[in-house]
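# Chains, contacts and geometry: an overview
Okay, here's what each chain looks like letter by letter:
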Amino acid sequence: MKPHLISGIQPTGKLHIGNYLGSLKNFVALQNSGKYECYFFVADLHSLTEDFDPQEKPGQILNVALDYLSAGISPKKSVIFQQSSVPAHSELAVILNNFTPLGELRRMTQFKDKSESQSENVNAGLFDYPVLMAADILLYDAAFVPVGDDQVQHLELARTLARRFNARFGKTFIEPKPLLTSASRIMSLDDPLKKMSKSRPQGCLFLDDTPEEIRNKLKRAVTDSGREVKYDEQSKPAISNLLQIYAGIINSTVQEAESAFKNATYVDFKNAVAEAVIKELTPFQKAKKALKPADVKKMLSAGDKKAASAAEKKIAEVQKRVGLI
Ligand code: AQP
């Protein structure tokens, strides 16, 4: 039996090149490696932890599913589903809450960061986010979880919870390991010290951007002092970020990208990054246009059923272990 692998993306807005290089592109490669039984979900429950408009939510959920398919995740090879359609995620999170000391959640840097960035909405869901994430993973016996480096601390908590539960109730869960991509943190085009985030659209290069928009955004992207295209996160954070984007897109290392632009000007380099991004996104955008929303919804509910059948077995086992049934 192949090891299970799971990951999700929140439907909080249009996906950007950070989501693509940090997760989506890697999801496709992992799926196509044939080494794993893959589960990819739309993390809609997680997305409620920040301000949202209920009118926009269904479109955002559909959009993540469309992006999965357009990037090459196939329902023939992977289980693609919507988190909230499988109630066992919430049930397991409620049970795991009882084995999670508050102090462990207080340490989470994402909670601290988001408490500052959304200070008017520091809700219990945000605090409990890592426990729901642990439930998402443990429910499917996932051995591997492809994540960006910002999620490594959450994954560590999932491992701790698995260990703690197994020690007390007998072997129930697998301890998941992270699979990191090389482009684990793409920064904003307007501020290379801030992570590219859906919630800061002014710094994003979106997967749906037209070639013109991509060219303009890269032209306007901030650069650093000096003239040399050089990878140095301390003294050249903006150029280093563009090198990361370029290398991620063409599947090379930043060192190779750096030497390819050794004698180039910033302008030439930025143009080359724009053209590489356009080349990569053209087939994605074509595939997305060809998809019919009604078909995608059908595909998603078929995936929900497959995911639910695995999850229901595990939640029943957990309920038995803790003495509920
Ligand atoms: N800038 C980034 N660089 C590399 N990877 C990134 N990811 C997100 N931003 C970057 C990775 O994308 C996956 C899905 O992310 P998510 O939507 O579930 O949550 P997120 O990390 O909170 O993404 P955003 O864009 O920053 O959304 P908002 O603004 O809504 O919080 C994850 O694997 C993440 O690491």
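Worth saying up front: this structure is predicted, and the values here are computed from it rather than measured. (Residues numbered from 1 in each chain as written. Predicted model: local features only at pLDDT ≥ 70, side-chain atom pairs only at ≥ 80, totals over all residues. Heavy atoms only, no water.)

Turning our attention to the sheet that holds strand β2 (residues 37–42). Neighbouring strands of a sheet are bound in pairs by backbone hydrogen bonds; such pairs are parallel or else antiparallel. One open sheet holds the 5 strands; their spatial order is β3-β2-β1-β4-β5, and the pairing between them is parallel. In the strand order of this sheet, the two ends are held by β3 (78–82) and β5 (177–180), each with one partner. Each adjacent strand pair in this sheet contributes to an overall mean axis angle of 25°, direction not counted. Where strand β1 (residues 4–9) meets strand β4 (residues 142–147), 2 bridges bridge the pair, whose relative direction is parallel. Directly across from His 4, in β4, lies its bridge partner Ala 142. Of the strands in this sheet, β1, β2 and β4 are in contact with helix α6 (residues 124–138), which crosses β4 at around 130°. (Pairing = 2+ DSSP bridges. Helix = DSSP H or I, 4+ residues; strand = E, 2+ residues; numbered from the N terminus. Axes fitted to C-alpha atoms, helices over the stretch in contact; angles between N-to-C directions. Contact = heavy atoms within 4.5 Å.)

Further remarks concern the site of the ligand. The environment of the ligand is formed by 21 residues, the closest being His 16, Ile 186, Ser 197, Lys 198 and Ser 199. Glu 50 is positioned such that a nitrogen or oxygen atom in its side chain is 3.4 Å from an oxygen atom of the ligand. For the ligand, an oxygen atom lies 2.9 Å from a polar atom in the side chain of Asp 150. Bound to the protein, the ligand loses 96% of the 630 Å² it would expose on its own. Ranked by the residues each element gives to the shell around the ligand, the list is headed by helix α1 (residues 17–33), at 4 residues. A per-class count over the shell around the ligand returns 4 nonpolar, 11 polar and 6 charged. (Near = heavy atom within 4 Å. Polar contact = N/O pair within 3.5 Å; in protein donor to acceptor, adjacent residues only side chain to side chain. Areas by Shrake-Rupley, 256 points an atom, 1.4 Å probe, with all protein chains shown as cover. Nonpolar A, V, L, I, M, F, W, Y, C, P; charged D, E, K, R; others polar.)

Turning to the nonpolar core, a few remarks are in order. One finds Ile 17, Leu 24, Tyr 68, Ile 245 and Val 277 to be the most contacted residues of the largest nonpolar core, which totals 58 residues. In terms of residue count, the dominant contributor to this core is helix α11 (residues 266–290) (9 residues). The residue makeup of this core includes at least three contributed by each of domain 1 (4–185 + 293–322) and domain 2 (209–289). Contacts of Ile 245, omitting those with residues within four sequence positions, involve Ile 17, Leu 21, Ile 186, Leu 189, Val 273 and Val 277. Within the second largest apolar cluster, 44 residues are counted, among which are Phe 81, Tyr 129, Tyr 140 and Leu 157. (Core = buried A, V, L, I, M, F, W, Y, C linked by side-chain atoms within 4.5 Å. Buried < 20%, exposed > 50% of the residue type's maximum accessible area, 1.4 Å probe, protein only. Domains from an automatic or database assignment.)

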